[in-house]
Structures are given as structure tokens and as C-alpha cells.
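# Fold and geometry: a report
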Amino acid sequence: MNIDLYERIWMWGVGVVLALFFTSTAVAALGHQIHPPSHVETIPPGQALSDPRFRRQGVSLDQRGRVHARVVGLMFTWLPPEMTLPADTPVTFHLTSIDVIHGFQIVRTNGQSMVVPGYVSQFTTRFAAGEYLIACNEYCGVGHHTMAAKLHVVPASQWKSPAREVADVR
Ligand code: CUA
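Thresholds applied
Residues numbered from 1 in each chain as written. Predicted model: local features only at pLDDT ≥ 70, side-chain atom pairs only at ≥ 80, totals over all residues. Heavy atoms only, no water. Helix = DSSP H or I, 4+ residues; strand = E, 2+ residues; numbered from the N terminus. Rg over C-alpha atoms; globule rule 2.2 N^0.38 Å. Buried < 20%, exposed > 50% of the residue type's maximum accessible area, 1.4 Å probe, protein only. Areas by Shrake-Rupley, 256 points an atom, 1.4 Å probe, with all protein chains shown as cover. Lys, Arg positive; Asp, Glu negative; His and termini not counted. Charge placed at Lys NZ, Arg CZ, Asp CG, Glu CD. Domains from an automatic or database assignment. Pairing = 2+ DSSP bridges. Axes fitted to C-alpha atoms, helices over the stretch in contact; angles between N-to-C directions. pLDDT = per-residue confidence, 0-100. Contact = heavy atoms within 4.5 Å.

## Overview of the overall build of the protein chain
Summing up its helical and strand segments, the protein chain has 1 helix and 11 strands in all. When the helices and strands of the protein chain are placed in sequence order, the string is α-β-β-β-β-β-β-β-β-β-β-β. The C-alpha radius of gyration of the protein chain comes to 21 Å, more than 25% above the 15 Å expected for a compact globule of 170 residues. The dimensions of the protein chain, computed from C-alpha atoms along their principal axes, are 70 × 40 × 30 Å. In the protein chain, buried positions account for 36% of the 170 residues. For the protein chain, the computed accessible surface area is about 10400 Å², with 61% contributed by carbon and sulfur atoms. Between the centroid of the 13 positive side chains of the protein chain and the centroid of its 12 negative side chains there is a distance of 9 Å.

## Digging into the domain arrangement of the protein chain
For the protein chain, the domain assignment lists domain 1 (1-36) and domain 2 (45-158). Taking the mean C-alpha position of each, domain 1 and domain 2 sit 36 Å from one another.

## Notes on the pairing of strand β8 (residues 112-115)
Only one face of β8 is covered, namely the one carrying Ser113 and Val115; the face carrying Gln112 and Met114 has none of its residues buried. In terms of strand pairing, strand β7 (residues 102-106) meets β8 through 4 bridges, oriented antiparallel. Looking across to β8, one finds that Phe104 is bridged to Ser113. As consecutive antiparallel partners, β7 and β8 are separated by 5 residues, and within that stretch Arg108 has a phi angle of approximately 65°, a positive value.

## Some details on the sheet that holds strand β10 (residues 130-136)
Pairing is mixed in the open sheet, where 5 strands are placed in the order β5-β11-β10-β7-β8. Two strands in the sheet have a free side with no partner beyond their single neighbour: β5 (82-86) and β8. This sheet shows a mean twist of 20° between the axes of neighbouring strands, independent of strand direction. Relative to β10, β7 is paired through 3 bridges, and the arrangement is antiparallel. Considered in β10, the bridge of Ile106 is made with Ile134.

## Some thoughts on the confidence of the model for the protein chain
Residues at a pLDDT of 70 or more form 94% of the protein chain, whose mean pLDDT is 91. β10 holds the highest mean pLDDT among the elements of the protein chain, 97, whereas strand β1 (residues 38-42) holds the lowest, 75.

## Here we look at the environment of Leu79
Within the fold, Leu79 resides in strand β4 (residues 77-79). When its relative accessible area of 23% is taken as the criterion, Leu79 is described as partly exposed. Those residues in contact with Leu79 that sit more than four places away from it in its chain are Leu49, Gln57, Arg70, Val71, Val72 and Leu74.

The structure is reproduced here in C-alpha cells:
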């Protein structure tokens, strides 16, 4: 089969670009643990605050001692408005909204996710010690710019850990 030279150059070019894309995706996912934030976990949005997963917002430890942070977004605040977490420790965030779509962004970190009513967004990340601002980066109404929370990250040795949960609430 005769393939024109320019045709061959373009075919190889396309092949190289595709290989680069697949490689960078694999490196990001496997090497840097960068994943889409949401898994498909649903929740009735109107009852999120009474749902066992979000009845108590804030920081908790599961039975295996892993740190979780549960946050509910609503116009125009995050619940809880302030959290303290241990540094250099994996923290799994569980986020949901009871009204409209919000954007959970821990400024100057890779912690970020859309927060969609009816779904639980989840991601795991770790922080260096310091003070972080949690902002809403998805326009949600007239008070959007005031929707913020504070995150204190302290050295793990100074962190007052909550009691472990008796039963795992996912
Ligand atoms: Cu919530 Cu913007």
C-alpha cells in the first residue's frame, strides 16, 4: 500500500501526541495520585443534614484511625466554618450541598471539588502545617463571595484527635 510521505508524517505525529496524552494521564493517575474527585455516591439533598454521613460535620476518625472531614455547603456558608487537621496526614473529604452547586476550594492546595446537591464528592489529600482559606469557586448566588471557611493544619503531634467512630459511616 502506498502512503504519501505527508500522510505518514501526520499519522506518526498523531500517534506520538496520543502516546504523550496517555502517558501523562497514567503518570498523573498512578504516580501523582490525581483522580477525579467524585465517586458516585448519592444522598437526598434536602435531608443531607440529618443523614448519618453528615449529621455531624467536621473532622472524625474512622475505626482504622483514618482522618475524615465532612463538609456541607449551603447558601452561603460551609458547615463547619472552621476545622483543624493534622499535617502530613491523608485526609479524606466528603462534601455535599443541600441547595445549589458550590465549589469547594482549599486555596493554594490541590484540594478542590465541585459540590453538587444529591451527590457526595470525595477526595483525599494531605497538607503542610499552616492556615488555609476554603473558598467557594462556583457562583451560587448573591452571597457567593462571602462563602468561606478556615482550615487550620497543625503538626500531627499537636493535633487533638477526635474519638474513633464506633461504627464506620463510610
Ligand atoms: Cu457557594 Cu459560591
